[in-house]
Amino acid sequence: MLSRLARLSRPQALAVAAVPVVALLGVTALAPLPFAVAQPGGTADVLGEYKGKQVLTISGAPTRKTEGELRMTTIVATGPQMDVRLGDVIDGWFRTDRAVMPKDSVYPEGDNVKEVEEHNLGDMRESQDDATKAALRYLRANGVDGTDKIKVKADLGKIGGPSAGLFLSLGVIDKLDGDGSGGDLTGGRTIAGTGTISASGKVGPVGGVSMKTQAAARDGATVFLVPEAECSDAEAEKPKGLRLVPVTTLASTVDALRALQKGEKVPSC
């Protein structure tokens, strides 16, 4: 084979050598790849209703009438059993409203659709429990009485995963105590964001932040609360006019919202 190539002109040799490369690229283009393609999903105001049902139902204490919105954000990704091919990946890399992510970062629990849904809903239930504990712990620390009698139920339909935790905590605080001085945590604004929450009130990182900022702006938010560790991701495709506020704990998040309402200095990415 090598002797035959040696007898060919340079253009002929390059053409012959290119044949297996083209064939390999053709196979790669048709083969499924271990990626998921994500795009901005829906948002839900935890102070209001989602699909006709109240998101937060609180018993054991009177609740406040709130103004403004606290919108948790989501992404929509290709399903765990859906094939993503080279063309999809290239298209996602060159579009600002798409993100290419390793499939196992989106679906770490496997490819079975039902198992993925059950896993994500389980994460959401655990997140709701932690969000309630974190909110009530915060309220007790700030002198709100009767927190031991309060029960909280959250309903976000089939939205799964733990990334609504921070906003569920903020919703409970706003409905029970507002900003602590008779006003709303939102200051009447539409505040969006994302972040997990631990029972102790620590905010954790999530996935798809650059897509979530776009969902937030699309649905009218002017401020986006982002886990501090993901500031650079949030900046990557940040829509014009959306203010990023990095957060690390539930208490510091409430402090930032109070400062924002008063026109005081607020952390930024």
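Cut-offs applied
All residue numbers refer to positions counted from 1 along the written sequence of the respective chain. Residues qualify for local features only when their pLDDT is at least 70, as the model is predicted, and side-chain atom pairs are given and counted only at 80 or more; totals for whole chains, interfaces and linings, by contrast, use all residues. Values shown for side chains rest on all heavy atoms present in the structure; no hydrogens or waters enter the calculation. By the criteria applied, helices consist of DSSP H or I runs no shorter than four residues and strands consist of E runs no shorter than two, each listed in order from the N terminus. Expected span of a helix: the number of residues minus one, times 1.5 Å. Burial classes follow relative accessibility: with a 1.4 Å probe on protein chains only, a residue under 20% of its type's maximum area counts as buried, one over 50% as exposed, and anything between as partly exposed. Whether two strands pair comes down to DSSP finding at least two bridges between them. Interaxial angles span 0 to 180 degrees and are taken between N-to-C directions of axes, which are lines fitted to C-alpha atoms, for helices over the stretch in contact. Residues are treated as being in contact if the distance between any of their heavy atoms lies within 4.5 Å. By convention in this document, the label disulfide applies to cysteine sulfur atom pairs within 2.5 Å.

1. So, helix α6 (residues 165-176)
Given a rise of 1.5 Å per residue, twelve residues ought to cover 16 Å, and the 17 Å separating the end C-alpha atoms of α6 matches this to within 8%. Counting buried residues along α6, twelve of its twelve residues qualify, which places the element largely inside the surrounding structure. For α6, the complete set of buried residues consists of G165, L166, F167, L168, S169, L170, G171, V172, I173, D174, K175 and L176. Looking one or two residues past α6, G178 carries a phi angle of roughly 60°, positive in sign.

2. A word on the sheet that holds strand β12 (residues 243-247)
Read from one edge of the open sheet, six strands run β6-β1-β5-β8-β11-β12, paired in mixed fashion. Edge positions in the open sheet fall to β6 (99-102) and β12, since each of these has one partner strand only. Mean inter-strand twist for the sheet, computed between neighbouring axes without regard to direction, equals 35°. Of the strand pairs in this sheet, strand β8 (residues 190-193) and strand β11 (residues 223-227) are connected by three bridges, and their pairing is parallel. Following the sheet pairing, A192 is matched in β11 by F224. The sheet strands contacting helix α7 (residues 209-218) are β1 (35-45), β5 (69-77), β6, β8, β11 and β12, and the helix crosses β1 at an angle near 35°.

3. Structural notes on the state of the cysteines
Per the counting criterion, the structure on display carries one disulfide. One disulfide in the model links C231 with C269; its S-S distance is 2.0 Å. Handedness of the C231-C269 disulfide follows from its S-S torsion of about -70°: it is left-handed. Of this pair, C231 sits in helix α8 (residues 231-236) while C269 sits in the segment after α9 (250-262); the two residues are 38 residues apart in sequence, bridging distant segments of the chain.

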